[in-house]
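Next come the chains, spelled out residue by residue.
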Amino acid sequence: MGNGIAQVAARAGFEVVMRDISDEFLARGMKAIDKSLQRDVDKERLGSEEKNAIVGRIKTATELDALKDAFIVVEAVTENFDVKAEVFRALDTITMPDAILASNTSSISITKLGATTQRPDKVIGMHFMNPVPVMKLVEVIRGAATSDETYEKVRALSEKLGKTALDCNDYPGFVSNRVLMPMINEAIFALYEGVGTRESIDGIMKLGMNHPMGPLTLADFIGLDVCLAIINVLHDGFGDSKYRPCPLLKRYVDAGWLGRKSGRGFYEY
Ligand code: 3HC
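Please read all numbers here as calculations on a predicted model, not as lab measurements.

Undergrad: Just checking my understanding: could you explain the side chain of Glu79 for this structure?
TA: Within the element layout of this structure, Glu79 appears in the loop between strand S3 (72–75) and helix H4 (81–94). Among the polar contacts made by the side chain of Glu79, one reaches the main-chain amide nitrogen of Ser106 at a distance of 2.9 Å. From its side chain, Glu79 meets the backbone nitrogen of Ser107 in a polar contact 3.2 Å long.

Structure follows, in structure tokens:
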């Protein structure tokens, strides 16, 4: 999602530094940006020169230090609290004291991430949806200590990026994944219990509810490891058995069948 966020920011005219842990991941991110922008060039919605200018506004770096002049950092590392906390602690020492530190987390507590820094008032959730260039929403999540000023700035920034900002408070899964993941988990239970085939479950939700993708296709698109991590956050956070992950989802993740990105999930790619 990081490359999608870099793309929309650069397209809105911002100078962007896209940072990842290896040159290989950065190259993959730049390739995704190129492919996504090229769709619009092919449809004559973007000129080639404009596309080059957008790409030219994105600098890449493997060193965290490259973010030291940023007025906002949007973190999009793996969905694991310890990894995110390490990144936030490092960002807190590297960036300017008034820089905003936002997280694109799907479900991890913004309040807890804020508490790992000396500036919890400037820590906020900025949850983009996949694919970032297409989806209109940014779910803005206020932690217990997030200031009104930070919230207003992030709201205005989201709108400059061409998105609609909708806000919610910091509880497990926020609103988006509190509602989406139990539906996906239930679809997996329906498959596990033989209520329907993958095609019938997805087809019923697509044709019956007008969802653009069926829940199993969507789970593959999001990544089954990400889905499991989010459901576990709901399960641990609320301590309610209604959020227990389906054993079939755990089995697929154990097998390394993570969806589209690994070539196999509920479907083959
Ligand atoms: N970059 C730029 N444009 C893209 C794109 C990308 N990566 N992917 C698709 N598009 C554009 C296409 O060019 C096309 O544009 P047009 O209609 O203006 O010509 C449009 O999107 C539709 O694409 P396609 O015709 O190729 O395919 P679909 O009609 O099937 O749409 C989809 C693809 C937009 C992904 C649609 O299937 C969809 O909306 N799926 C549901 C996505 C969703 O639910 N996302 C949220 C996931 S949850 C999440 O992210 C939160 C996290 O915390 C888990």
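Here the narrative resumes.
Undergrad: Got a minute to help me understand the site of the ligand in this structure?
TA: Every one of the 18 residues lining the ligand counts as a neighbour, but Ser36, Lys43, Ser106, His127 and Asn130 are closest to it. With respect to the ligand, the side chain of Ser36 contributes an N or O atom lying 2.7 Å from a nitrogen atom. Between the ligand and the protein, one listed contact pairs an oxygen atom with a side-chain N or O atom of Ser106 at 2.9 Å. In the complex, the protein chains occlude 65% of the 1000 Å² of accessible area that the ligand would expose alone. If you list the elements that add at least two residues to the shell around the ligand, you get helix H2 (23–42), helix H7 (176–192) and helix H9 (215–222). Within the shell around the ligand, the residues separate by chemical class into ten nonpolar, five polar and three charged. When residues of the shell around the ligand are assigned to domains, at least three map to each of domain 1 (2–169) and domain 2 (176–262).

Undergrad: Help me out: how do you make sense of the packing of aromatic side chains in this one?
TA: Two numbers describe a pair of aromatic rings. These are the distance of the centres and the angle of the planes. One pass over the full model with this rule turns up five aromatic pairs. Pairing Tyr252 with Trp257 gives two aromatic rings, centres 5.2 Å apart and planes at 85°, and the pair type is edge-to-face. Residue classification places Trp257 among the partly exposed positions, given a relative accessible area of 28%. Clustering of aromatic rings is evident, with ring pairs tying together Tyr252, Trp257 and Phe266. Of note, Arg142 hangs over the ring of Tyr151, and the distance from its end group to the ring centre comes to 4.6 Å. Stacked on the ring of Trp257, the Lys or Arg Arg264 has its end atom at 3.6 Å from the ring centre.

Undergrad: What's the story with the sheet that holds strand S7 (residues 164–169) in this structure? I'm lost.
TA: Adjacent strands of a sheet form backbone hydrogen bonds with each other and so pair up, either parallel or antiparallel. Judged by pairing direction, the sheet is mixed, and its five strands sit side by side in the order S3-S4-S5-S6-S7 without closing on themselves. With one partner strand each, in any of the chains shown, S3 and S7 form the two edges of the open sheet. When the angles between neighbouring strand axes are averaged without regard to direction, this sheet yields 30°. One ladder, built from six bridges, connects strand S6 (residues 137–142) with S7; its direction is parallel. Within S7, the position partnered with Glu139 by the bridge is Leu166.

Undergrad: How should I be thinking about the pattern of salt bridges in this particular structure?
TA: Charged atoms that come close allow side chains of opposite charge to pair. All chains considered together, the criterion is met by 15 salt bridges. Among the salt bridges present, the one from Lys261 reaches Asp225, with a minimum N-O distance of 2.8 Å. Of this pair, Lys261 sits in the segment after helix H11 (247–255) while Asp225 sits in helix H10 (residues 224–238), and the two are 36 residues apart along the sequence. For Lys261, a relative accessible area of 54% puts it in the exposed group. A relative accessible area of 27% means that Asp225 is categorised as partly exposed. Overlapping salt bridges, with partners in common, bring together Arg11, Asp40 and Arg45 in one network.

Undergrad: How do you make sense of the packing of helix H8 (residues 198–209) against H9 when you look at a structure like this?
TA: Between two packed helices, the angle of one axis relative to the other and the distance separating the axes together describe the packing. Contact geometry for H8 and H9: axes closest at 7 Å, N-to-C directions at 100°. With respect to H9, the element H8 is oriented roughly perpendicular. In contact with Arg198, Ile201, Asp202 and Met205 of H8, H9 contributes Pro215, Leu216 and Thr217. Considered class by class, the residues forming the contact of H8 with H9 number four nonpolar, one polar and two charged.

Undergrad: Looking at this structure, I do not really get H7. What am I missing?
TA: The α-helix winds at 3.6 residues per turn, so residues separated by three or four positions along the chain end up facing the same way. For H7, built from 17 residues, the straight-helix expectation of 24 Å at 1.5 Å per residue is met to within 8% by its first-to-last C-alpha distance of 24 Å. Along H7, the residues that are buried comprise Ser176, Asn177, Met181, Ile184, Asn185, Ala187, Ile188, Phe189, Ala190 and Leu191. Along its buried surface, H7 packs onto strand S5 (123–128), S6, H8, H9, H10 and H11. Once H7 ends, the next one or two residues include Gly194, with phi positive near 75°.

The rules behind these values
- Residues numbered from 1 in each chain as written.
- Predicted model: local features only at pLDDT ≥ 70, side-chain atom pairs only at ≥ 80, totals over all residues.
- Heavy atoms only, no water.
- Helix = DSSP H or I, 4+ residues; strand = E, 2+ residues; numbered from the N terminus.
- Polar contact = N/O pair within 3.5 Å; in protein donor to acceptor, adjacent residues only side chain to side chain.
- Near = heavy atom within 4 Å.
- Areas by Shrake-Rupley, 256 points an atom, 1.4 Å probe, with all protein chains shown as cover.
- Nonpolar A, V, L, I, M, F, W, Y, C, P; charged D, E, K, R; others polar.
- Domains from an automatic or database assignment.
- Phe/Tyr/Trp six-rings, centres within 6.5 Å; stacked < 30°, edge-to-face > 60°.
- Buried < 20%, exposed > 50% of the residue type's maximum accessible area, 1.4 Å probe, protein only.
- Lys NZ or Arg CZ within 6 Å of the ring centre and 35° of its normal.
- Pairing = 2+ DSSP bridges.
- Axes fitted to C-alpha atoms, helices over the stretch in contact; angles between N-to-C directions.
- Salt bridge = Lys/Arg side-chain N within 4 Å of Asp/Glu carboxyl O.
- Parallel < 35°, antiparallel > 145°, perpendicular 65-115°, else oblique.
- Contact = heavy atoms within 4.5 Å.
- Expected span 1.5 Å × (residues − 1).

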